[in-house]
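# Coordinate inspection notes
Chain by chain, the residues:
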Amino acid sequence: MLKEKYDVIVIGAGPAGLAAAIEAKKTGAQEVLVIERAQELGGILQQCIHNGFGLQIFKKDLPGPAYAQRFIDELAGLHIDTLLDAMVLNVTSERRVYATSRWSGFVELDTRALVLAMGCRERTRAQIALPGTRPAGVYTAGTAQRFVNIEGFMPGKRFVILGSGDIGMIMARRLTFEGAKVERVLEIMPFLTGLTRNYVQCLLDYDIPLQLHHTVKRIIGNDRVEAIESVQIDEQRQPIPGTEETIPCDTLLLSVGLIPENELSRKAGVSLDPVTAGPFVDEKMQTSVPGIFAAGNVVHVYDLVDWVTQAGLLCGRNAAQYAIAERKHHGRRVKMKAGDNVRYVVPHVLDKESLAESAQLLQMRVTLPIEEPVWVEVMNGEERVTRKAELYVRPGEMVNIDIPQSAYDAVQRASELSVRVVRR
Amino acid sequence: MADKNYDVIIIGAGVVGSMVARFLSRYKLDVLLIEKDSDIGMGASSANTAIIHAGYDPKPGTLKAEMNVVGNQMFDQLAGELNFTFERRGDYVVAIGPEEFAKLESLRQQGLENGVPGMVILNGADVRRREPNINPEVSGALWATTGGICDPFGVVIAAAENAVVNGVTLMTDTAFQDFIMDGKHIVGIKTNRGDFSSRWVVNSAGLYSDVVMHKAGLRPEFKITPRKGEYYVFDKAEITINNVLFPVPSATSKGILVTTTVHGNTIIGPNALEIDDKEDRSITREGLDEIWQGAINLVPSLSLRYSIAEFAGLRPGGNAPCENPDVKYNKDFIIEIPKQVEGLVNLGGIESPGLSSSPAIAVRVVELLKGAGEKLEEKSEWNPIRRARPRFRDMLPTEQKLLIENDPSYGRIICRCENVTEGEIVAEIHAPIPARTYDAIKRRTWLGTGRCQGGFDTPRVVEILARELGVSPLEISKKGKGSEFLVRPTKDEEAE
Amino acid sequence: MTQEHRKFICITCPRGCALDVTMEGEAVVKLEGNSCKRGVDYVTGELKDPRRMVTTTVRVKGGVHPLAPVYTESPIPKPRILDLLAEIRKIELTAPVKFGDVVIANAFGTGVNVLASRNIPAKSEAS
């Protein structure tokens, strides 16, 4: 059962989100919720069945699912709510989260602190403007990885892989293990873009050729990939005529980079760094919007999951501390409501303690003009907190009224104050 | 010969064939619509600029000009009846520098001759105000208020679906092979799925309209030369151009434009490259460079960093001379009942502005049949309305909430970029014209068209299609037989 | 005795030193390219008994997924990798599978167990 208000909501249950939720709870956040769009926790780790995870944190060489399982098990013992198979549609800068799922329906949730942990997505053939036809058989490495490792289907028999990123090299070995032929790994740069250990253990061990300074010139085949044409690239990244080679294959895998996924961050008004494509964050992993934090690949793309976890822990701790501070405020705040002939009042919320320091200014606009003397009254139900006389009011002229310090006690009794403008 | 005798067989379910089927479905006729591909609208209709042209561009006196202007005016009613997305937001022919500005007036005059209402010439400052991203050297624009944009796939699907609901039979994966003749009478057609007899045949075969008419011995000199046009699509979160911006046209082309779509994406293109292969929709480096250069001349602030898709379409360009001998023009539409054979309505060379003209062409086909003595009797039960199915992303949160309460499958988002739900996908799989491939679902729901280009949704859509169609995931394809996504289970004996 | 050159890339740390090993028969006479002594250990291991972790999947009956990921508890001799994969391809587990379940004990007498990398709940269990 979901609550209407949380201390910390975490969007994304990959390594960053899991760590953030666990650490938030341990830091003292009472109500923590993790929202995940997949049907299970763990994020992309669940399809990363290869080892190489956990060397920094656990001093152990674990497969991705095993690394995730440790956090999933820990989270299960902490009474953290989860909403799976769910998509967050919108997030406001006031930390209201709109999400939907088959099971929960459309939900609106408020949270004192929000952690963005949506991770990243793969660059596609379109983002590198790969020429040629548009047949079946062109996959990002991650999509192919999901088919092979989770769904249980092979997306092809003969592969060419573009990009020497880690996922590409790991998939080369993985496909070889399952009986497919990997013809070639092509890399446009003059150097390997993934980790050396993957080059050795995924390509060299299985005699899969890597060609640096090469790219795909075009994709061939109308219905299904039939071949790709490769070409060598010079130092200026221009194709060298005459170096074209047609490589027969039925599948082209792309491992050409990752981009932090920040569409929700943008909706929440979070400022993004054009270089990382992730949010600007401070030392607490807090974004430009107070109370909204971010961790993991949503901020910038990491090469080791251990570091993602560490960022998640830091983020979760700070999000919880923010929420706890917010919680102290809660109950000591009074909402301002527009009453008779008042269109709106600013501020919308007032900290009751603020009256201990000084009088507080309310500003408002009226709905209709009244061309005769009026009272501007601040009410707690039927109890008048303060009032002020005006000779007239008009929608075009802002009306100001101070709540004096002498109203301190009256305000402490209120949960909501309404402001009205009535004839004298 | 098949047991069923049709009154009309329509060859090709692109926008023209589908529109003809829809307008003929009004009458007491047995109509068969055949399509060689796995889905409707996969040929010339599958990739275009999605613009309903105002009609100032075609040469006055041509069928192109007449059909464009008449068709454009029909779109409000049609969109209302068939419930596809159409926005009459006007279009702009943007002049850069004084020389181009001088050409706007002649374009306006041509529009007036064609009967285009509501054209205004704006000065540079006006244009800059309306489109702040425009090249600052803009000198003015011809603003055609009747120009519009639509969901071009939605138009085809809605028209064909309304036809089917009103009794038209649709057969996909059915390719025309030849006519069956009795003397000079066409009495039926041969297809890969058997013979079908019919009193009338409509040639709306688009890119293959020349092949079809040659089989009837007609217009041996007529030739469709596919003209490829390539496009870039931009991320709507990053680039927002709110208008339809044409450059000043050249003698041969409307030029490379920068335009918004009803889905909110900015697209640029197309170039125009004459090719031989009627199936060659490949994208080329050179073509992309060409459209890029053209586009930044109109909007210099575009950035390729935010391109999320590239695609190419083929215009079925013909070489038919204008029927009016006074008009020197040899790329006109063919819309005729030829005298050399009987029982054929012959359409050909329906390239741009074919989408804009399609309803007018359909009406013209009805008139031609009436003129040939067909007593077209209206069906009392004909329903011109095709109801739209729910589209989650266009709804208010309160509407979304209600939709999910009624059917929880609308609560599960399958396409993360475009927010397409499982409910929408399932509805299309079980619609009057079932979507049975990934691309068919994509055209109908706009799924997979966003910044991740299907990376997230593909495994999920394959699973849903397999479940709903009751087949193995191995049978699910991108666009019909031969384009299956998967080749075998991971753990298979085949692997050594 | 004739000398033979063999090339390795040390993957003990991310630096990835390119190692050039000069050998006479089985004996290493020269090692160049390493930045620290771990390069020596790496080459020794690769020459005497190269081992690799193996990760793959195994079929599962009645689970929320048709496959379960598995891994070797510690590296196994490189020449046995393909045999191990063939062995694993024959296996079908029945859900539920638990993280750490032994899928193959003491594979080929190497003393290395193949373990499940995660839980795979049974289908009904999950819904």
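This is a predicted model, so every value here is computed, not measured. (Residues numbered from 1 in each chain as written. Chains lettered and ligands numbered in written order. Predicted model: local features only at pLDDT ≥ 70, side-chain atom pairs only at ≥ 80, totals over all residues.)

## Regarding the interface of chain C and chain A
The condition that has to hold: What counts as a contact here is a pair of residues whose C-beta atoms, placed from the backbone, lie within 7 Å. Helix and strand assignments follow DSSP, with helices taken as H or I runs no shorter than four residues and strands as E runs no shorter than two, numbered in order from the N terminus. All residues other than Ala, Val, Leu, Ile, Met, Phe, Trp, Tyr, Cys, Pro, Asp, Glu, Lys and Arg, Gly among them, are scored as polar; the first ten of these are nonpolar and the last four charged.
Listed as interface residues are 19 residues of chain C and, on the opposing side, 18 residues of chain A. Going through the elements one at a time, β5 (55-61) and β6 (67-72) of chain C are the ones with two or more residues in the side of chain C that touches chain A. The residue inventory of the side of chain C that touches chain A, partitioned by class, reads 10 nonpolar, seven polar and two charged.

## A word on the sheet that holds strand β3 (residues 27-32) of chain C
In any sheet, the strands associate via hydrogen bonds between backbone groups, in a parallel or an antiparallel arrangement. Residue and element names in this part refer to chain C. Put simply, the test is: Any two strands with at least two DSSP-identified bridges between them are counted as paired. An axis is simply a line fitted to the C-alpha atoms; with a helix, the fit covers only the stretch in contact. Between two such axes, the angle follows the N-to-C directions and lies from 0 to 180 degrees.
The strand order β1-β2-β3 describes an open sheet built from three strands, whose pairing is antiparallel. Lying at the two open borders of the sheet, with one neighbouring strand each, are β1 (3-9) and β3. Strand-to-strand twist in this sheet, taken as the mean axis angle between neighbours without regard to direction, amounts to 25°. In this sheet, β3 lies alongside strand β2 (residues 18-24) in antiparallel orientation, the contact comprising five bridges. Directly across from Asp 20, in β3, lies its bridge partner Glu 32. Against the sheet, helix α1 (residues 38-48) makes contact with β1, β2 and β3, and its axis sits at roughly 140° relative to β3, the strand it touches most.

## A look at the domain arrangement of chain A
All names here are of chain A. We apply this condition: The split of the chain into domains comes from an automatic or database domain assignment.
You can read the domains of chain A as domain 1 (5-121 + 259-329), domain 2 (124-256) and domain 3 (334-423). With centres defined by C-alpha atoms, the gap from domain 1 to domain 2 works out at 31 Å. Taken together, the six residues of domain 1 in the interface contact seven residues of domain 2. Grouping the amino acids of the side of domain 1 that touches domain 2 by side-chain chemistry returns two nonpolar, three polar and one charged.

## Thoughts on the domain arrangement of chain C
By the assigned domains, chain C splits into domain 1 (3-48) and domain 2 (55-126). Computed over C-alpha atoms, the centres of domain 1 of chain C and domain 2 of chain C are 33 Å apart.

## Structural notes on the confidence of the model for chain C
Where the model shows low pLDDT, its predicted coordinates should not be examined in detail. Using the following cut-off: Scored between 0 and 100, pLDDT is the confidence that the predictor attaches to each residue.
For chain C, the mean per-residue pLDDT works out to 91, and 97% of the residues sit at or above 70. In the predicted assembly, ipTM is 0.92 and pTM is 0.89.

## Some words on the packing of helix α1 (residues 15-24) of chain B against helix α8 (residues 354-371) of chain B
All names here are of chain B. The cut-off we apply is this: The scheme is simple: roughly parallel for angles under 35 degrees, roughly antiparallel for over 145, roughly perpendicular for 65 to 115, oblique for anything else. Crossing chirality is assigned from the near helix's rotation relative to the far helix, an anticlockwise turn below a right angle marking it left-handed and a clockwise turn marking it right-handed.
As a packed pair, α1 and α8 sit with axes 8 Å apart at the nearest point and diverge in direction by 40°. Comparing the axis directions of α1 and α8 gives the class oblique. Seen along the crossing, α1 lies across α8 with a hand that is right-handed. Each of Val 15, Val 16, Met 19, Val 20, Arg 22, Phe 23 and Leu 24 in α1 lies in contact with α8, whose residues at this interface are Gly 354, Leu 355, Ser 358, Pro 359, Ile 361, Ala 362, Val 363, Val 365 and Val 366.

## Describing the sheet that holds strand β24 (residues 383-390) of chain A
All names here are of chain A. One open sheet holds the five strands; their spatial order is β21-β19-β26-β23-β24, and the pairing between them is mixed. The sheet terminates laterally at β21 (349-351) and β24, the two strands that pair on one side only. This sheet shows a mean twist of 25° between the axes of neighbouring strands, independent of strand direction. Pairing analysis gives four bridges linking strand β19 (residues 333-338) to strand β26 (residues 416-423), with the strands arranged parallel. Residue pairing for β26: Lys 335 is matched across the bridge by Glu 416.

## Quick notes on the pairing of strand β25 (residues 399-403) of chain A
Residues and elements named next belong to chain A. Just so we agree on the cut-off: Here exposure depends only on C-beta density: within 10 Å of a residue's C-beta, 20 or more other C-beta atoms make it buried, 12 or fewer make it exposed, and intermediate numbers make it partly exposed, the C-beta atoms being placed from the backbone.
Burial of the side chains of β25 is restricted to one face: Val 399, Ile 401 and Ile 403 are buried, whereas none of Asn 400 and Asp 402 on the reverse face is. Summarising the sheet, strand β22 (residues 360-366) and β25 pair through five bridges and their orientation is antiparallel. Paired with Met 364 across the bridge in β25 is Val 399.

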